[in-house]
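Below, each chain spelled out in residue letters.
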Amino acid sequence: MEWLTAFYLCSLPVIAGWCADRIWGDPLWLPHPIVGFGKAISAGEKRLNQEGHKMIKGGILAVLLIGTVYALTDIIIHAIQPYPVVYIAVVSTGIFFFLAGKTLIDEVREVFYATDRSTEEGRQRVARIVGRDTASLDAQEIRTAALETLSENLSDGVIAPLFWYIVAGLPGMAAYKMINTLDSMIGYRTERYLKFGRTAARIDDAANYIPARLTALLMLTVSGKTGLWSFVKKQARNHLSPNSGWCEAALAGILSCRFGGAHDYFGERIEKPYIGENQREIETKDMEKAIKINRQAEIVMVILTALLAALRQMLILSVWGS
């Protein structure tokens, strides 16, 4: 009976939410909480990112928004907990909103197709999914940027949210998505955001430390290349981020290619070390292989999440029961 209750409350929403993401992705017509997160961050940044004490003000904004999202989600979850059907529906919907697997996969596929037609069309398409300036990218750089983003999104968009669901349920998942949105908007090492976004970037580093390494392990496992772990550990150190390098290094090793190099962000040139050792042309078949790896890694993580979340719920029920 305890297993059945745990399945209904924790495992079923994970499976339902992930299936919904695989089917629908992020429909443009559907109001999305991440859009609300972005508006809150943008409003706070415009008001606070002024002269004087930028790091303190940016830190306060980050902690306030993360704490607010966690608290509001927790309040909602506790309010509907006595109503199992409503609880399952709300948690499933939340997981659907907070996963971002299908949309990015579809976008990456379209970047490759667009680049095959023309470099300019590829630049316009890749600009939808990367933060760097794309006006001067060549075809190879466009395809490389898309695969780098795909590998990072597997962690940020799927593995990490599910990891934090295991740890702290839907409130933990919602808080993580706010952390990730903060980093994607103000976590840049540019003049405007270097101080203001520093705390947000550090929190994001901490929140992604385990998920990034778990993502790399899952990618190597599903591809049958666990022997590349030493390569990944070595190459991951080349990335400016303590986490993103693990995902990129795993994909670079699996595809035997090279990522990284200098990129432009908001008009500023940022030098990035290379990840991987084989400087070769990226092809459409590489994209197809990378997408297959993403999907297989997602499936394994969903199964693990369903099992571990149910186990966590059983432990909670046993404590309450005693």
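Anyway, here's the lowdown on the structure attached to this text. (Residues numbered from 1 in each chain as written. Predicted model: local features only at pLDDT ≥ 70, side-chain atom pairs only at ≥ 80, totals over all residues. Heavy atoms only, no water.)

## Points about the overall build of the chain
- The helix and strand inventory of the chain stands at eleven helices and four strands.
- When its C-alpha atoms are laid out on the principal axes, the chain stretches across 60 × 50 × 40 Å.
- Going through the 322 residues of the chain one by one, you find that 49% of them count as buried.
- Considering only contacts within the chain whose residues lie at least 6 apart along the sequence, 72% involve residues at least 24 apart.
- Here the chain displays about 15,300 Å² of accessible surface, and carbon together with sulfur accounts for 62% of that area.
- Each charge class in the chain can be summarised by its mean position, and for the 34 positive and 32 negative side chains these summaries are 3 Å apart. (Helix = DSSP H or I, 4+ residues; strand = E, 2+ residues; numbered from the N terminus. Buried < 20%, exposed > 50% of the residue type's maximum accessible area, 1.4 Å probe, protein only. Contact = heavy atoms within 4.5 Å. Areas by Shrake-Rupley, 256 points an atom, 1.4 Å probe, with all protein chains shown as cover. Lys, Arg positive; Asp, Glu negative; His and termini not counted. Charge placed at Lys NZ, Arg CZ, Asp CG, Glu CD.)

## Details of the packing of aromatic side chains
- A full pass over the atoms with the stated rule returns six aromatic pairs.
- Centroid distance Phe37 to Phe98: 6.4 Å. Interplanar angle 20 degrees. Geometry classified as stacked. Linking Phe37 in helix α2 (residues 33-48) with Phe98 in helix α4 (residues 84-98), this pair joins segments that are 61 residues apart in sequence. Like Phe98, Phe37 is buried.
- Members of the aromatic cluster, each reached through a chain of ring pairs, are Trp24, Phe96 and Phe97. (Phe/Tyr/Trp six-rings, centres within 6.5 Å; stacked < 30°, edge-to-face > 60°.)

## Section: the nonpolar core
- Grouped together as the largest cluster of nonpolar side chains are 80 residues, with contacts concentrated most on Leu147 and Leu182.
- Ranked by residue count, the leading element in this core is helix α7 (residues 139-186), at 22 residues.
- Setting aside chain neighbours within four positions, we find Leu182 in contact with Ile41, Ala62, Leu65, Ile66, Gly187 and Ala200. (Core = buried A, V, L, I, M, F, W, Y, C linked by side-chain atoms within 4.5 Å.)

## Some details on a nonpolar patch on the surface
- Together, Ile299, Val300, Ile303, Leu304, Leu307, Leu308, Leu311 and Leu315 give the surface a local cluster of nonpolar side chains, amounting to about 660 Å² of exposed area.
- Turning to its location among the elements, Leu311 is positioned in helix α11 (residues 284-321). (Patch = residues over 30% accessible without salt bridge, like charges linked within 9 Å, V, L, I, M, F, W, Y side chains within 5 Å. Salt bridge = Lys/Arg side-chain N within 4 Å of Asp/Glu carboxyl O.)

## Description of the side chain of Thr134
- Tracing the sequence through the fold places Thr134 in the loop between α6 (119-126) and α7.
- Thr134 gets classed as buried once you look at its relative accessible area, which sits at 12%.
- Ignoring any residue separated from it by four or fewer positions in sequence, one finds Thr134 in contact with Arg123, Val126 and Ala127.

## Looking at the pattern of salt bridges
- Per the counting criterion, the structure on display carries eleven salt bridges.
- Arg192 is the salt-bridge partner of Glu45, the closest N and O atoms lying 2.8 Å from each other. One end of the pair, Glu45, is in helix α2; the other, Arg192, is in the loop between α7 and α8 (198-223), with 147 residues separating them in the sequence.
- Under the relative-accessibility criterion, Glu45 is labelled buried at 6%.
- The partly exposed category is assigned to Arg192, whose relative accessible area is 45%.
- Put simply, Arg280 and Asp286 hold a salt bridge, and the shortest N to O gap is 2.8 Å.
- What makes Asp286 buried here is its relative accessible area of 6%.
- Beyond isolated ion pairs, a larger network of salt bridges with shared partners links Lys102, Asp106 and Arg109.

## A look at the side chain of Ser11
- Along the chain, Ser11 falls in helix α1 (residues 2-24).
- Once you skip the residues sitting within four places of it in the chain, Ser11 turns out to touch Ala6, Ala306, Leu307 and Ala310.

## Examining the environment of Ile203
- Inspection of the secondary structure assignment puts Ile203 in helix α8.
- Placed 31 residues apart in sequence, Ile203 and Gly172 show a C-alpha to C-alpha distance of 14 Å.
- Apart from the residues within four sequence positions on either side, Ile203 is in contact with Ala62, Val63, Ile66 and Ile179.

## Brief notes about the state of the cysteines
- With the rule as written, the count across this model stands at zero disulfides.
- With no disulfide partner, Cys10 has as its closest neighbouring cysteine sulfur the one in Cys19, 17 Å distant.
- A relative accessible area of 2% places Cys10 in the buried class.
- Of all cysteine sulfurs in the structure, the one in Cys257 sits closest to Cys247, which takes part in no disulfide; the separation is 14 Å. (Disulfide = S-S within 2.5 Å.)

## A short note on unusual backbone geometry
- Positioned with a positive phi, His53 is a non-glycine residue whose angle comes to about 55 degrees.
- Among the structural elements, His53 can be located in the loop between α2 and α3 (54-80).
- On the accessibility criterion, His53 (63% relative accessible area) is exposed.
- One non-glycine residue with positive phi stands out, namely Ser256, at about 55 degrees.
- Structurally, the position occupied by Ser256 is in the loop between α10 (244-255) and β1 (259-260).

## A look at the environment of Thr115
- Relative to the elements of secondary structure, Thr115 occurs in helix α5 (residues 102-117).
- Placed 28 residues apart in sequence, Thr115 and Arg143 show a C-alpha to C-alpha distance of 7.8 Å.
- Apart from residues lying up to four places away in sequence, Thr115 is in contact with Gly122, Ala139, Ile142 and Arg143.

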